[in-house]
Each structure stands twice: as C-alpha cells, then as structure tokens.
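# Coordinate inspection notes
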Amino acid sequence: MLNSILANRTFLRLLFFGNLLGAIYGYIWYLPQLQITEPRFWLFVPDSPTAILFFTLALVAFLGKKHWPLMEALAFVCLVKYGLWAVGMNIFYMMDQGAIIWTGVMLIVTHGFMAVEGILYAPFYRFRLGHFMIAAVWVLHNDVIDYLFGQMPIYMGLEKYLPEIGYATFWLTIIVLWLVYDKTIKKGHRTLEFPHHE
C-alpha cells in the first residue's frame, strides 16, 4: 500500500513541489549566513536545502519514468545525514537553552521528514558503487569544510561545543553511509520499479 502511494505520479508531483518550495525556503533561510561567508564556501554552507534540491532533481527523473543515479545517491546520503543532524542539533540546542523553541520544533519536524523520505524511496533508487562513492566524498568533504574551516550552520551558543559536534557529525556520516550502502548497494537489497502505466 505504502509503496503504491510512493510510486503514484500525483503523489510524486506533490512531493516535487513540496521539496522545491522547501529548498527555496532553505536557501532564503541561509542568506544571513551566506552574507558573512567567503564566496569559496557558499556551495558548502546550505547543506539541507542542497540535499532537498538533489532529491527534487531525482523526482524530476522519476516523473519522467527515468533514473538519475548520481542525484539519487546524493539525495539519499544527504537527506538522511543532514535531516538527522538537524534533528539532533535542534534537540541539543533546546536542551542547552533549557527551553522549548518553536522554531527548533519546526526544524525538527521538517528535517525529520527529509530523512524519512530519503529512506522510504530507497527501494526505488538505481545508483551504483561509483555514484555512492561520489556522494560519500561530498559529505565527508563537507564535514571538513564545516569543522576545519568553521562553516557549520550557526547556532548561537553552541560554538563552544564545536569539537564535540564535529566528532559526533563525523560518526553520523559514517553510520549514514553504511545505512545507504546496506539499503542500495549491498547484494540482496530490496528493489522496486515505478509502474509504466497508471
């Protein structure tokens, strides 16, 4: 039942427009940080909007009854990695502040959805090891930019935990890469096709 909904073209269109709007909103959200960021780092600052953009492009291919393997690999890795990272960071931020912050709650919900949609579509992805390796390099390189060059998303007050956050983020990346490999590359993983006719 769930997989038939995920493969439904009307649902795919709704998901496409929802993700497109989410990506646009995300880039707008990052404008204040981008204004104080060196241009050479711009590509690596708005992590979540870029993850959503990857998935939006993969959805374009799905709607055309095709596959864009590199976008699928980048989308799966980045949606899960940055979705879970933002959920954890916002929970940690509210714990550090000792208060429920409704912006944080909103970010937890939306980023949680990012991770969920990335995982739900795993059986439909058709990328290979080479595409997976490019996605792995992308997120690991991003971790280096964020924590060695100080470009992580700004959370006022959490800068003092930067080494701990960087360490936790590295292991989150490794766990996500293992999950993605297990769900898509590993022999015996489940595969589903989009129906040719509806």
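To start, this report covers the structure provided alongside it. Source: prediction; values computed, not measured.

Helices and strands together make up the secondary structure of the chain, namely 8 helices and 0 strands. For the chain, the succession of helices and strands along the chain, N to C, is α-α-α-α-α-α-α-α. For 198 residues, the compact-globule formula gives about 16 Å, and the C-alpha radius of gyration of the chain, at 17 Å, lands near that figure. In terms of principal-axis extent, the alpha carbons of the chain reach across some 55 × 30 × 30 Å. For the chain, the residues scored as buried account for 44% of the 198 residues in total. By sequence separation, contacts in the chain at least 24 residues apart represent 81% of the contacts at least 6 residues apart.

So, about the pattern of salt bridges. Pairing between side chains of opposite charge can happen when the charged atoms of each approach one another. Across all of its chains, the model carries 5 salt bridges by this definition. A salt bridge links K160 to D96; the nearest nitrogen and oxygen atoms lie 3.8 Å apart. Of the two residues, K160 is situated in the loop between α7 (129–148) and α8 (162–185) and D96 in helix α5 (residues 69–97); the sequence distance between them amounts to 64 residues. We classify K160 as exposed; its relative accessible area is 53%. R126 is the salt-bridge partner of E193, the closest N and O atoms lying 3.2 Å from each other. On the criterion of sequence distance, the pair formed by E193 in the segment after α8 and R126 in the loop between α6 (102–120) and α7 is long-range, its members being 67 residues apart. Under the relative-accessibility criterion, R126 is labelled partly exposed at 22%.

Let's shift gears to the nonpolar core. Within the largest apolar cluster, 49 residues are counted, with the highest numbers of intra-cluster contacts made by F55, W85, Y121 and Y125. When contributions to this core are tallied by element, the ones reaching two or more residues are α1 (2–7), α2 (9–29), α4 (47–63), α5, α7 and α8. It is α5 that contributes the most residues to this core, 14 residues altogether. Those residues within four positions of F55 in sequence are excluded, and the remaining contacts are L15, N19, A75, L79, E117, Y121 and Y125.

Our focus in this paragraph is the side chain of H111. Counting through the fold element by element, H111 comes out in helix α6. Under the relative-accessibility criterion, H111 is labelled buried at 11%. There is a polar contact of 2.8 Å between the side chain of H111 and the backbone oxygen of L107.

In this structure, the largest pocket occupies an estimated 720 Å³ of space. Together, 32 residues line the largest pocket, and Y25, W29, Y30, L107 and H111 are the ones closest to its centre. Going through the elements one at a time, α2, α3 (31–35), α4, α5 and α6 are the ones with two or more residues in the lining of the largest pocket. Residue contributions to the lining of the largest pocket peak at 9 residues, all from α6. Residue classes in the lining of the largest pocket are distributed as 19 nonpolar, 11 polar and 2 charged. One number sums up the size of the second largest pocket: a volume of about 170 Å³. When the residues that make up the lining of the second largest pocket are grouped by side-chain class, the tally is 6 nonpolar, 4 polar and 1 charged.

Right, let's get into the packing of aromatic side chains. The final tally for this structure, using the stated rule, is 17 aromatic pairs. Where Y121 meets F124, the ring centres are 5.7 Å apart and the plane angle is 45 degrees; that geometry is what we call tilted. Neither Y121 nor F124 differs from the other in exposure class; each is buried. Among the aromatic residues, those joined into a cluster by ring pairs are F55, F62, Y121, F124 and F194.

What counts and what doesn't
Residues numbered from 1 in each chain as written. Predicted model: local features only at pLDDT ≥ 70, side-chain atom pairs only at ≥ 80, totals over all residues. Heavy atoms only, no water. Helix = DSSP H or I, 4+ residues; strand = E, 2+ residues; numbered from the N terminus. Rg over C-alpha atoms; globule rule 2.2 N^0.38 Å. Buried < 20%, exposed > 50% of the residue type's maximum accessible area, 1.4 Å probe, protein only. Contact = heavy atoms within 4.5 Å. Salt bridge = Lys/Arg side-chain N within 4 Å of Asp/Glu carboxyl O. Core = buried A, V, L, I, M, F, W, Y, C linked by side-chain atoms within 4.5 Å. Polar contact = N/O pair within 3.5 Å; in protein donor to acceptor, adjacent residues only side chain to side chain. 1 Å grid on protein atoms, 1.4 Å probe; cavity = no way out; pocket = protein on both sides within 12 Å on 5 of 7 lines; lining within 4 Å. Points joined across faces, edges and corners; volume = space filled by probe spheres on them. Nonpolar A, V, L, I, M, F, W, Y, C, P; charged D, E, K, R; others polar. Phe/Tyr/Trp six-rings, centres within 6.5 Å; stacked < 30°, edge-to-face > 60°.

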